[in-house]
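Residue-level listing of the chains:
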Amino acid sequence: MRIGNNLCNRFSSRYHHRRGLATIVTSAIMLSAVGIMGTTAVSWSNSNLVTHQEILSKSISDKTNKITEFITIENVWAGQNTMIPPPNKFLNVTLTNTGNIGLTVTEIKIDGITSKVTPITDGEIVPGRSYSTIIYYEWNTNDVLNVYVTTERDSIFRTQVFAQ
Amino acid sequence: MFAIIALLSIVSYITYSMNTLDKFNQSILVTNQENMDRGNEEFRVEKVTLNNNKFNITVQNAGNLPININRLWVENKTHTDDWIYKYDINEAVAPGGEASNIGQNIPLTSLDSQSYKIMLVTERGNSQQFTVNSASSAPLKIQLLAFPPTVSSGFTTGLVMLVTNNGSGTLFNLAPQTPTRYLPQPGLATCELGPVSPPSYDTLPPGGTAIFKWDLTVLGNAPDYCTYTAELQNPYPGNTAQATVTLKTLKITSTDFATNAGVLSINYTSFRWSQGGGDWHHDWNVPKGSNTVFSLDLNNNNVTGTIWLSNSTTLVFYSVSSSAQVPYYIVKNVDVVPTPPTISQSYTCPPLNDYCIGVPGNGTATLYFAAKVAGGNAVGQFSNVQIQYTGFLIVFGKYSDAPNDAGSQYGQNIPYIGLLVN
């Protein structure tokens with residue numbers, strides 16, 4: 001009986017000792033888990049916010065640039081290069097950047113009896129400067145021609161001219 | 001702790017977003033303002049001249065914003081190559097102000113004889129396009145009119161040239177050439193052309209009309225005429241207009257006389273005098289101190305009524321240098337065969353002894369004046385002194401069907417007779 005009590009006491013003491021340890025371990029694990037989870041969540045959320053900030057910033061910047069850029073189709077005059085055989089008629093298009101930021105013209109489209117799209121590879125224009133190019137297009141006198149200028153930011157500027 | 005961090009992150013994100021959106025909003029406002037400024041920019045070309053073969057363009061800023069003209073395009077519309085040049089200029093124009101001498105500093109020689117299409121471009125991208133000396137580039141609507149087209153010899157008519165800008169661009173420096181006699185039908189009349197007024201128009205907008213006027217004096221005999229052809233300086237070939245002015249004989253109708261000069265008039269070429277000897281004289285040189293009788297034709301310009309002349313009707317001569325006056329009263333007839341002449345029929349006609357002679361409506365009667373007094377038989381005479389006289393006929397009468405009817409009285413003074421008694 002004593003032996004049994006002793007055994008029981010020893011067992012009970014070990015049990016209590018283990019239970020306290022488990023509590024501590026469990027608490028530590030839980031704290032660690034919460035810490036890890038919290039840190040992860042905060043990191044994730046911060047990362048998301050930063051990503052969204054970048055997206056927002058880029059989006060706003062793109063839109064701001066797009067609405068700020070402005071091209072004036074300053075002059076379009078029709079000519080003919082008699083030094084070469086037909087088809088030798090052309091349109092001389094002069095564009096001026098009257099906005100506040102630089103822009104890049106990517107294509108010019110002439111829409112008349114026929115339609116012609118001309119890619120532009122050297123169309124970078126700083127504010128206040130002009131860009132001229134010759135586009136070969138077989139116009140007829142008094143043709144009404146629509147001229148579309150597309151920029152790298154997908155802005156489209158349009159004018160209408162009489163070929164004379 | 002984590003909640004606070006998360007909360008701070010969200011707050012900073014929201015703050016950043018708000019700031020970013022605010023910047024974007026500012027960009028939109030700025031862009032809108034720029035677009036509005038671009039739309040509100042307003043300027044016009046006031047004047048274009050060629051000074052020393054250089055353009056001299058005057059621009060007025062008619063808007064509320066300052067503008068900066070930074071490009072000048074010049075296209076030669078006359079030259080076969082049809083070249084186009086672009087020049088960078090920098091002309092600031094304050095609101096309401098003007099900028100002159102634009103084009104004086106560009107390395108381009110401009111000629112009066114050539115037509116140019118010019119475009120000015122502002123910093124904001126607005127432009128004004130116009131043509132200079134472009135009368136030669138396309139036909140204009142030209143009319144040459146004579147106001148009036150028929151005149152009497154020695155009279156002046158107006159030759160008017162109307163030039164309408166039927167193009168789409170403003171014309172500058174529009175001036176006419178002096179009209180020339182139209183060949184091969186110039187006409188036989190002698191025509192003298194005065195100076196043009198105005199000599200030129202600085203500008204003529206689309207749809208506008210320029211009016212040039214010359215006074216034209218025409219001499220000759222009806223129906224001679226003169227035809228003129230007019231064109232502009234630097235004209236488009238064949239862009240001319242013709243007008244003809246024809247001479248006509250001056251005619252004044254009885255109605256004109258009745259309205260403007262009186263119901264009665266005299267035929268001045270019928271005025272004559274006699275001092276006997278069977279001669280009537282039509283000149284103005286009358287010997288002094290002799291009995292003199294006169295005759296003239298009186299026209300009654302009233303087309304319907306007869307005027308009966310009173311015995312008070314008198315041909316009166318007033319001295320231009322003294323108070324002398326010599327009346328010659330109407331008589332029915334005179335005898336100029338004897339010297340001195342006599343009154344063969346005094347102005348008597350029973351029972352009234354007045355209103356003896358009637359001049360029918362729209363008719364003429366030859367009248368004689370000789371009596372010293374009304375109804376008398378004695379012939380009057382000028383004094384024995386050399387005097388210049390101005391004479392006029394004072395007519396007293398009445399419009400009635402018969403001499404005895406009451407009718408309506410009418411009196412008139414008909415001037416412009418001159419005599420030199422010596």
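Remarks on the overall build of chain A
Step number 1: Counting its regular elements, chain A contains 1 helix and 7 strands.
Step number 2: Helices and strands in chain A line up, N terminus first, as α-β-β-β-β-β-β-β.
Step number 3: Expressed as a percentage of the 164 residues in chain A, the buried residues total 34%.
Step number 4: Intrachain contacts of chain A at a sequence separation of at least 6 include 57% that bridge at least 24 residues.
Step number 5: When the accessible surface of chain A is split by element, carbon and sulfur atoms take 59% of a total near 10300 Å².

A word on the nonpolar core
Residue and element names in this part refer to chain B.
Step number 1: Residues F294, L298, L315, F317 and F382 are the most contacted members of the largest nonpolar core, which totals 34 residues.
Step number 2: Ranked by the residues each element gives to this core, the list is headed by strand β28 (residues 387–399), at 5 residues.
Step number 3: Excluding residues that lie within four positions of it along the chain, L298 makes contacts with L264, S265, I266, L309, V359, G363, T364, A365, L367, L393, V395 and I414.

Some remarks on unusual backbone geometry
Residues and elements named next belong to chain B.
Step number 1: A cis geometry characterises the amide bond from A222 onward to P223, with omega recorded as 0 degrees.
Step number 2: Among the secondary structure elements, P223 is positioned in the loop between β15 (209–219) and β16 (225–230).
Step number 3: Across the junction of P350 and P351, the peptide omega takes the value 5 degrees, indicating a cis bond.
Step number 4: On the secondary structure map, P351 appears in the loop between β25 (342–345) and β26 (357–359).
Step number 5: In this structure, N53 is a non-glycine residue whose phi angle is positive, near 60 degrees.
Step number 6: Note on placement: N53 falls in the loop between β1 (43–51) and β2 (54–61).
Step number 7: Relative accessible area serves as the criterion here: at 37%, N53 is assigned to the partly exposed category.

Some remarks on the confidence of the model for chain B
Residue and element names in this part refer to chain B.
Step number 1: Averaged over every residue, the pLDDT of chain B is 87; the share at 70 or more is 94%.
Step number 2: The spread of mean pLDDT over the elements of chain B runs between helix α2 (residues 254–261), the lowest at 59, and strand β24 (residues 333–335), the highest at 95.
Step number 3: The ipTM for the predicted assembly is 0.77, set against a pTM of 0.58.

Focus on the state of the cysteines
Residue and element names in this part refer to chain B.
Step number 1: Following the criterion strictly, the structure yields 2 disulfides over all chains and no others.
Step number 2: Across the disulfide, C191 is cross-linked to C226 (sulfur-sulfur distance 2.0 Å). One disulfide, between C191 and C226, carries an S-S torsion of -95 degrees and so falls in the left-handed class. In this pair, C191 is assigned in strand β13 (residues 190–197) and C226 in strand β16, connecting sequence segments 35 residues apart.

Remarks on the interface of chain B and chain A
Step number 1: Of the residues lining the interface, 27 residues belong to chain B; the matching set on chain A comes to 28 residues.
Step number 2: For the chain B and chain A pair, buried surface summed over both sides reaches about 2400 Å², with 62% attributable to carbon and sulfur atoms.
Step number 3: Contact with chain A buries area across many residues of chain B, yet F2(B), Y13(B) and F24(B) alone supply 24% of it, more than any other trio.
Step number 4: For the interface between chain B and chain A, the tally reads 1 salt bridge.
Step number 5: Residue R71(B) pairs with E74(A) through a salt bridge whose shortest N-O separation is 2.7 Å.
Step number 6: Where chain B meets chain A, there are 7 residue pairs in polar contact (both at pLDDT 80 or more).
Step number 7: Elements with a contribution of two residues or more to the side of chain B that touches chain A: α1 (2–40), β3 (67–76), β4 (84–93) and β6 (116–122) of chain B.
Step number 8: Residue contributions to the side of chain B that touches chain A peak at 17 residues, all from α1(B).

Things to note about the sheet that holds strand β5 (residues 130–136) of chain A
Strand pairs in the sheet, formed through backbone hydrogen bonds, run parallel or antiparallel to each other.
Residue and element names in this part refer to chain A.
Step number 1: The strand order across the open sheet formed by 3 strands is β1-β2-β5, and the pairing between neighbours is antiparallel. A single partner strand is all that each edge strand has here, and the edge strands are β1 (71–80) and β5. Averaged over all adjacent pairs, the angle separating strand axes in this sheet is 20 degrees, with direction ignored.
Step number 2: Looking at chain direction, strand β2 (residues 89–97) and β5 are connected through 7 bridges and run antiparallel. Within β5, the residue paired with V93 across the bridge is T133.

Quick word on empty space enclosed by the protein
Step number 1: In total, this model carries 2 cavities of 30 Å³ or more according to the counting rule given.
Step number 2: What the second largest cavity holds in volume is close to 50 Å³.
Step number 3: Lining the second largest cavity, in full, are I67(A), T68(A), E69(A), F70(A), T98(A), G99(A), T31(B), E34(B), N35(B) and R38(B).
Step number 4: Sorting the residues of the lining of the second largest cavity by element identifies α1 (2–68) of chain A together with α1 of chain B as the ones contributing at least two each.
Step number 5: Tallying contributions element by element places α1(B) first for the lining of the second largest cavity, with 4 residues.
Step number 6: By residue class, the composition of the lining of the second largest cavity is 2 nonpolar, 5 polar and 3 charged.

Brief notes about the environment of Y131(A)
Residue and element names in this part refer to chain A.
Step number 1: The residue Y131 is located in strand β5 in this model.
Step number 2: For Y131, a relative accessible area of 10% translates into the label buried.
Step number 3: Separated by 36 residues in sequence, Y131 and L95 have C-alpha atoms that sit 5.1 Å apart.
Step number 4: Those residues within four positions of Y131 in sequence are excluded, and the remaining contacts are V93, T94, L95, I120, D122, G123 and I125.
Step number 5: A polar atom in the side chain of Y131 sits 2.7 Å from the side chain of D122.

Here we look at the pattern of salt bridges
Step number 1: All chains considered together, the criterion is met by 7 salt bridges over all chains.
Step number 2: Here R71(B) ties to D88(B) by a salt bridge, and the two come within 2.8 Å at their closest N and O atoms. Here the residue R71(B) occupies a position in strand β3, and D88(B) occupies one in strand β4, the gap between them amounting to 17 residues.
Step number 3: Residue class for D88(B) comes out exposed when judged on its relative accessible area of 60%.
Step number 4: Here the residues in one salt-bridge network are E74(A), R71(B) and D88(B), joined through shared partners.

Considering the sheet that holds strand β7 (residues 127–132) of chain B
Residues and elements named next belong to chain B.
Step number 1: Judged by pairing direction, the sheet is antiparallel, and its 4 strands sit side by side in the order β4-β3-β6-β7 without closing on themselves. If you trace the sheet from one side to the other, it starts and ends with β4 and β7, each paired once. Across the sheet, the axes of successive neighbouring strands diverge by a mean angle of 20 degrees, strand direction being ignored.

Overview of a nonpolar patch on the surface
Step number 1: Together, M83(A), I84(A), I134(A) and Y136(A) make up a nonpolar patch on the protein surface, roughly 410 Å² of accessible area in all.
Step number 2: Inspection of the secondary structure assignment puts I134(A) in strand β5.

Brief notes about α1(B)
Step number 1: With 39 residues, α1(B) ought to run about 57 Å at 1.5 Å a step, and its terminal C-alpha atoms sit 56 Å apart, in line with that.
Step number 2: Among all positions in α1(B), only S9(B), Y13(B), S17(B), T20(B), F24(B), S27(B), T31(B), D37(B) and R38(B) are buried.

Cut-off values and rules
- Residues numbered from 1 in each chain as written.
- Chains lettered and ligands numbered in written order.
- Predicted model: local features only at pLDDT ≥ 70, side-chain atom pairs only at ≥ 80, totals over all residues.
- Heavy atoms only, no water.
- Helix = DSSP H or I, 4+ residues; strand = E, 2+ residues; numbered from the N terminus.
- Buried < 20%, exposed > 50% of the residue type's maximum accessible area, 1.4 Å probe, protein only.
- Contact = heavy atoms within 4.5 Å.
- Areas by Shrake-Rupley, 256 points an atom, 1.4 Å probe, with all protein chains shown as cover.
- Core = buried A, V, L, I, M, F, W, Y, C linked by side-chain atoms within 4.5 Å.
- pLDDT = per-residue confidence, 0-100.
- Disulfide = S-S within 2.5 Å.
- Buried area = accessible area lost by both parts, 1.4 Å probe.
- Salt bridge = Lys/Arg side-chain N within 4 Å of Asp/Glu carboxyl O.
- Polar contact = N/O pair within 3.5 Å; in protein donor to acceptor, adjacent residues only side chain to side chain.
- Pairing = 2+ DSSP bridges.
- Axes fitted to C-alpha atoms, helices over the stretch in contact; angles between N-to-C directions.
- 1 Å grid on protein atoms, 1.4 Å probe; cavity = no way out; pocket = protein on both sides within 12 Å on 5 of 7 lines; lining within 4 Å.
- Points joined across faces, edges and corners; volume = space filled by probe spheres on them.
- Nonpolar A, V, L, I, M, F, W, Y, C, P; charged D, E, K, R; others polar.
- Patch = residues over 30% accessible without salt bridge, like charges linked within 9 Å, V, L, I, M, F, W, Y side chains within 5 Å.
- Expected span 1.5 Å × (residues − 1).

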